[in-house]
Amino acid sequence: MSPSFDASKSLTALDQDSTLVAVIEMSQTKWLIAATVPGFERNPLKKLDADPDSVFRLLRRWRSEAIQAGREVRRIVVAYEAGRDGFWLARWLQARAVEAYVIHPSSVAVSREHRRAKTDRLDTELLMRAFLGWLRGEKRHCSMAAIPTINEEEARRPNRERDNLVRERTRIVNRIKAILARFGIRAFKPNLRKAAEKLEALHTAEGMPLPERSRAELRRSLGRLHLLHEQIHEIEQERLGSSRWFRTRRRVRSRWFAFLRGSSV
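Residues numbered from 1 in each chain as written. Predicted model: local features only at pLDDT ≥ 70, side-chain atom pairs only at ≥ 80, totals over all residues. Heavy atoms only, no water.

Draft legend 1. Fine view of the nonpolar core. One finds L20, I24, I33, L59, W62 and V78 to be the most contacted residues of the largest nonpolar core, which totals 29 residues. Looking at this core, the elements that each hand over two or more residues are strand 1 (19-26), strand 2 (30-36), helix 1 (52-68), strand 4 (75-81), helix 2 (88-94) and strand 5 (99-103). In terms of residues, this core owes the most to one element, helix 1, which gives 6 residues. I172, L202, L218 and I232 belong to the second largest nonpolar core, which has 19 residues in total. (Core = buried A, V, L, I, M, F, W, Y, C linked by side-chain atoms within 4.5 Å. Buried < 20%, exposed > 50% of the residue type's maximum accessible area, 1.4 Å probe, protein only. Helix = DSSP H or I, 4+ residues; strand = E, 2+ residues; numbered from the N terminus.)

Encoded structure:
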């Protein structure tokens, strides 16, 4: 995405007579593509298999048909909502000279009626209205997500994985405490290093040993908790190692530039 990119509006003037505009409603197996094509009296709508090559062929076919209708298509722009597929399709299209944008789903205004019809056709119409407004430079239609490179996405993976693991760890800790609370046990700390050993000595509030099935479930939960601790520690060590590498690299470069400046005096 260029430095002049504005998520709330397009900074490029829209000439609709020479621009092919398309939006894609994506699902796991099928994609529905709606478009406004110069020279077409009605807006075409096509359902395809979830395949980028099919999308590209369709866009080129529509462009050829617009040229046959006497219209020159100088610009092709495509948008779809951010979702499970992420940004790979936008990068794939951009590599083939197609302007591609990814819409924040929560930025598209929807009807506030209690019951709203929900079909793929209506979804593409809603997306098209929002996208055209954005292309015209009008605000409050929708906002776009900056499209990261593969390396930028890869750099975010450790933090996202750690966040998921921490949430999973919290869920397991809360489940362990909930199980023990049914027996009147509130002082047990699952995150302790020797929690598994302390589990074997636990007794209920009535002074009886924990029931064996509950104890077995707690053992398994503590085992998963121990694995999560190890994985979180592994990610943190990798992240610490990377930051050390970058700090060392910056120090070496700064010393090298200082040496060059000194030698040029």
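Structure's up, so let's keep going.
Draft legend 2. Highlighting helix 4 (residues 150-181). The terminal C-alpha atoms of helix 4 lie 46 Å apart, and with 32 residues this matches the ideal 46 Å at 1.5 Å per residue to within 8%. Within helix 4, the axis deviates most sharply at R157, by approximately 35°, and proline P158 lies no more than four positions further along. Every buried residue of helix 4 is listed here: E153, L165, I172, V173, I176, I179 and L180. (Expected span 1.5 Å × (residues − 1). Bend = angle between axes of the 7 residues up to and from the residue.)

Draft legend 3. Local environment of helix 1. With 17 residues, helix 1 should cover 24 Å at 1.5 Å per step; its first-to-last C-alpha distance of 24 Å lies within 8% of that length. Residues P52, S54, V55, F56, L58, L59, W62 and A66 constitute the buried set of helix 1. At its buried positions, helix 1 is contacted by strand 1, strand 2, strand 3 (45-49), strand 4 and helix 2. One or two positions beyond helix 1, positive phi appears at G70, with a value near 90°. (Contact = heavy atoms within 4.5 Å.)

Draft legend 4. Quick peek at the sheet that holds strand 1. In space, the 6 strands of this open sheet follow the order 3-2-1-4-5-6, with mixed pairing throughout. Taken across any chain shown, the strands that pair with only one partner, and hence form the sheet edges, are strand 3 and strand 6 (144-145). In the sheet, strand 1 pairs with strand 4 via 6 bridges, with the strands oriented parallel. Directly across from T19, in strand 4, lies its bridge partner R75. Each of strand 1, strand 2, strand 3 and strand 4 touches helix 1; the most contacted strand, strand 2, lies at about 20° to it. (Pairing = 2+ DSSP bridges. Axes fitted to C-alpha atoms, helices over the stretch in contact; angles between N-to-C directions.)

Draft legend 5. Structural context of a negative patch on the surface. On the surface, E161, E230, E234 and E238 cluster together into a patch of negative charge. Counting residues per element, the negative patch draws most heavily on helix 6 (residues 212-264), which supplies 3 residues. (Patch = residues over 30% accessible without salt bridge, like charges linked within 9 Å, V, L, I, M, F, W, Y side chains within 5 Å. Areas by Shrake-Rupley, 256 points an atom, 1.4 Å probe, with all protein chains shown as cover. Salt bridge = Lys/Arg side-chain N within 4 Å of Asp/Glu carboxyl O. Lys, Arg positive; Asp, Glu negative; His and termini not counted. Charge placed at Lys NZ, Arg CZ, Asp CG, Glu CD.)

None of the figures reported here should be taken as evidence of function without further support.
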